[in-house]
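The primary structure of each chain is shown beneath.
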Amino acid sequence: MASPPQTLRVECFRLESSYTTSFKLPRIISTSFTHLNSHITHLVLSDPRLSIQSCLYFFTYLQQNHAITSQKSDLQAHLTLICKLFKARKFAEARNFLDSVVVDDNVRRPVPVITTMVEGLCNETKVTTKLFDMLFRVYSDNRMLKEALGVFDYVKNKGFEFDERSCIVYLLALRNTNQVDCLLKFFHQMVESGIKLLEGKTKRARELMDEMIVNKGVKPNTFTYNSLIKAYAKRQDFVGVNEILNLMNIDGVSHNAATNALLIDGFSSSGNIKEAERVFDEMHEKGIEPDVQLGNMKRAFSFFDELITIGLMPNAHTYGALITGLCKSGQMEAVDIFVNEMQSKRIDLNEVIFNTIVDGYCKIGMINDALKLQEIMEKKGSRADVFFYNTIASGLCKLKHFDAAKRFLFTMVEKGVSPNVVSYTTLITIYCKEGNLVEAKRLFKEMECKGHMPSTVTYNSLIDGYCKKENMKEAHNLRVAMEEKGLMPDVYTYTTLIHGDCVVGKVDEALQLFNEMTERRLAPNLITNTAMISGLSKEGRMDEAFRLYDEMIKDGITPDDTVYSSLVEGLHSTYCNH
């Protein structure tokens, strides 16, 4: 007696033979295959000797006559046929059957069941990748967005590639269903997953977010813009990068450390070291600390050791990448080890590595170590550039060694290194802190005469200086001047002016500025709120002060002791006066 598997195989061959020779499939099924099961169906559909047309005829018959055959085409039958259609590049037909898999209640199953079954039915990565990509689109088109995301996560976890056009289909579906947060989140996920967006697709993704802003009132944050910057930078499309940076400025969204890290990495990767250094300068100027995104430094060390083990000798670029990570985490002792190792192997420190190390030392106040490194570099014939001097001066300012910082920058000029915007701004800031506004204003005019465009930070330093002198007229004039030159006031600008107006008793003017911040999409921070609440409290306008306090709490800003003290003193004064 034949075993069940042998019997099944014989029946399948009889079926295929009958169909291909006499096209009497309906008669054969109705008489000989009334007990067809899922396994037999799978064997028939997956048999490589059966043509696509034969499989489609067989499948259609099962669909239309399942009462006769006692066998309805189930999920496995659908997926078996779909895999065969993909291998034959019959994508339109495959799409129709995938629609059934997604929407037919009798076939539909959870995503994990479908993905597992597909991998079991087809061992060709190229085919399964295309199939999953189409499944992702079908779910998206049917607005089954949770299931679509399940497919996306599965594919990315497996290391397969996704077509960026399918991702745009999903973004459109999210837009059409008003799922704003999910849209922004998925775009970030696309970029983080390494999906390469073609120029037109990146533009379309950005347009989708713009539509959400206009139609839904959603404001993109720094993280949103950083995702777009990353997409453009990966393609080395710096025209696109600049467009995004301009949009950030227009929307009043500040760069954070991650923004600068993306820019530095993008410019460095494309060999544009000067632009990378310019971004470094701006970071120092704005007081932005480098983002510590090291991942796992132990893994970095292990990877480094592994390179040596397999016979690949590290070069300046390899050392530079590791040293950058160590500097970001403040592990300067480890940096010293690698610098010594580089020297022993006669691998010279290039300009970028040198400046990175100097920056690392200055961040943790090790100015003397940075200067010693300069001596070593000068002995080797390297000349310190303006970035080095600015970094040291910034480090000295953080330690409140203002005289030393000034002398260092004066020495730079004596050695023939021309100051840039950061150099002038550092000096102007020092003089403003010292109350020497005459010298600060002189330097401001000098930098303009020499063709250096003052930055927002330069204006902020001067505005702060005049506010401290209670010369609010000049402070507001500077704000007007910076806007006339195309520089938008930031949170620091407004906060300084608000505090200054409150100090001199111009609370209404301060409140007007406070409201203007919201209109310009600038979020008041703790210091801004504290200054405004303090000003209102001193004037006895306690209802307004407490209303602002409530809004501050609602915005997730935790008040400090100064806020509470201002409110208590205001209540006390109001009570005593009554």
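Residues numbered from 1 in each chain as written. Predicted model: local features only at pLDDT ≥ 70, side-chain atom pairs only at ≥ 80, totals over all residues. Heavy atoms only, no water.

1. Structural notes on the nonpolar core
The biggest cluster of nonpolar side chains holds 83 residues, and the ones touching the most others in it are Ile-323, Ile-357, Ile-392, Ile-498 and Met-532. Setting aside its immediate chain neighbours within four residues, Ile-323 contacts Val-335, Phe-338, Val-339, Met-342, Ile-353 and Ile-357. Among the nonpolar cores identified, the runner-up in size contains 51 residues, and Ala-77, Cys-83, Phe-152 and Tyr-154 belong to it. (Core = buried A, V, L, I, M, F, W, Y, C linked by side-chain atoms within 4.5 Å. Buried < 20%, exposed > 50% of the residue type's maximum accessible area, 1.4 Å probe, protein only. Contact = heavy atoms within 4.5 Å.)

2. Digging into the packing of helix H6 (residues 75–87) against helix H9 (residues 125–141)
Where H6 contacts H9, the two axes come as close as 10 Å, and the packing angle between them is 115°. Judged on the interaxial angle alone, H9 and H6 are roughly perpendicular. You can see that H6 and H9 cross each other, and the crossing is right-handed. Taking contact as the criterion, the partners of Ile-82, Cys-83, Phe-86 and Lys-87 in H6 are, on H9, Val-127, Lys-130, Leu-131 and Met-134. Residues that form the contact of H6 with H9 fall into these classes: six nonpolar, no polar and two charged. (Axes fitted to C-alpha atoms, helices over the stretch in contact; angles between N-to-C directions. Helix = DSSP H or I, 4+ residues; strand = E, 2+ residues; numbered from the N terminus. Parallel < 35°, antiparallel > 145°, perpendicular 65-115°, else oblique. Left-handed = near helix turned anticlockwise from the far one by under 90°. Nonpolar A, V, L, I, M, F, W, Y, C, P; charged D, E, K, R; others polar.)

3. Comments concerning the environment of Arg-383
By the element assignment, Arg-383 lies in the loop between helix H22 (367–379) and helix H23 (386–398). Residues in contact with Arg-383, not counting those within four places in the same chain, are Lys-415, Gly-416 and Val-417. For Arg-383, the side chain forms a polar contact with the main-chain oxygen of Gly-416, separated by 3.2 Å. (Polar contact = N/O pair within 3.5 Å; in protein donor to acceptor, adjacent residues only side chain to side chain.)

4. Here's the deal with the packing of helix H8 (residues 111–121) against H9
Following both chains from N to C, one finds H8 and H9 inclined at 155°, their axes separated by 11 Å at the closest point. Judged by the inter-axis angle, H8 sits roughly antiparallel to H9. The two elements H8 and H9 meet at a crossing, and its hand is right-handed. Listed contacts from H9 to Val-111, Ile-114, Thr-115, Val-118 and Glu-119 of H8 are Thr-128, Leu-131, Phe-132, Leu-135 and Tyr-139. Classifying every residue of the contact of H8 with H9 gives seven nonpolar, two polar and one charged.

5. As for helix H26 (residues 437–449)
Between its first and last C-alpha atoms H26 spans 18 Å; for 13 residues at 1.5 Å apiece the expected length is 18 Å, and the two agree. For H26, the elements touching its buried residues are helix H25 (421–434) and helix H27 (456–468). Gly-451 occupies a position one or two residues after H26 and carries a positive phi of about 85°. (Expected span 1.5 Å × (residues − 1).)

6. Remarks on helix H10 (residues 145–158)
Helix length check: H10, at 14 residues, gives a terminal C-alpha distance of 20 Å against a target of 20 Å (1.5 Å per residue), a fit within 8%. Positive backbone phi, approximately 85°, marks Gly-159, located one or two places after H10.

7. A few points about the confidence of the model for the chain
Per-residue pLDDT for the chain averages 77, and the proportion of residues at 70 or more is 74%. Per-element confidence in the chain ranges from a low mean pLDDT of 42 for helix H2 (residues 25–32) to a high of 95 for helix H29 (residues 491–503). Contacts of residues 68–72 to residues separated by more than four positions or lying in other chains number 20 contacts, the stretch itself having pLDDT below 50. Under a pLDDT of 50 for its full length, residues 289–296 has, in the predicted model, 18 contacts with residues more than four places off or in other chains. (pLDDT = per-residue confidence, 0-100.)

8. Observations regarding the packing of aromatic side chains
Tallied over the entire structure, the rule returns 10 aromatic pairs. Centroid distance Phe-354 to Phe-388: 5.5 Å. Interplanar angle 25°. Geometry classified as stacked. Here Phe-354 is found in helix H21 (residues 351–363), whereas its partner Phe-388 is found in helix H23, with 34 residues between them in sequence. For the pair Phe-354 and Phe-388, one class covers both residues: buried. In this structure an aromatic cluster arises from ring pairing among Phe-354, Phe-388, Tyr-389 and Phe-408. (Phe/Tyr/Trp six-rings, centres within 6.5 Å; stacked < 30°, edge-to-face > 60°.)

9. Description of the environment of Ile-353
Tracing the backbone shows Ile-353 in helix H21. Classification of Ile-353 as buried rests on a relative accessible area of 5%. Non-local contacts of Ile-353, meaning those with residues more than four positions away in its chain, are made with Ala-316, Gly-320, Ile-323 and Met-342.

10. As for the pattern of salt bridges
Under the criterion given, the structure shown has 21 salt bridges. Here Lys-468 and Asp-464 are joined by a salt bridge, their closest N and O atoms 2.6 Å apart. With a gap of four residues between them, Lys-468 and Asp-464 both fall in helix H27, about one helical turn apart. With a relative accessible area of 59%, Lys-468 lands in the exposed category. Taking relative accessible area as the criterion, Asp-464 reaches 15% and is therefore assigned buried. Connected via shared salt-bridge partners are Glu-439, Arg-442, Glu-446 and Lys-450. (Salt bridge = Lys/Arg side-chain N within 4 Å of Asp/Glu carboxyl O.)

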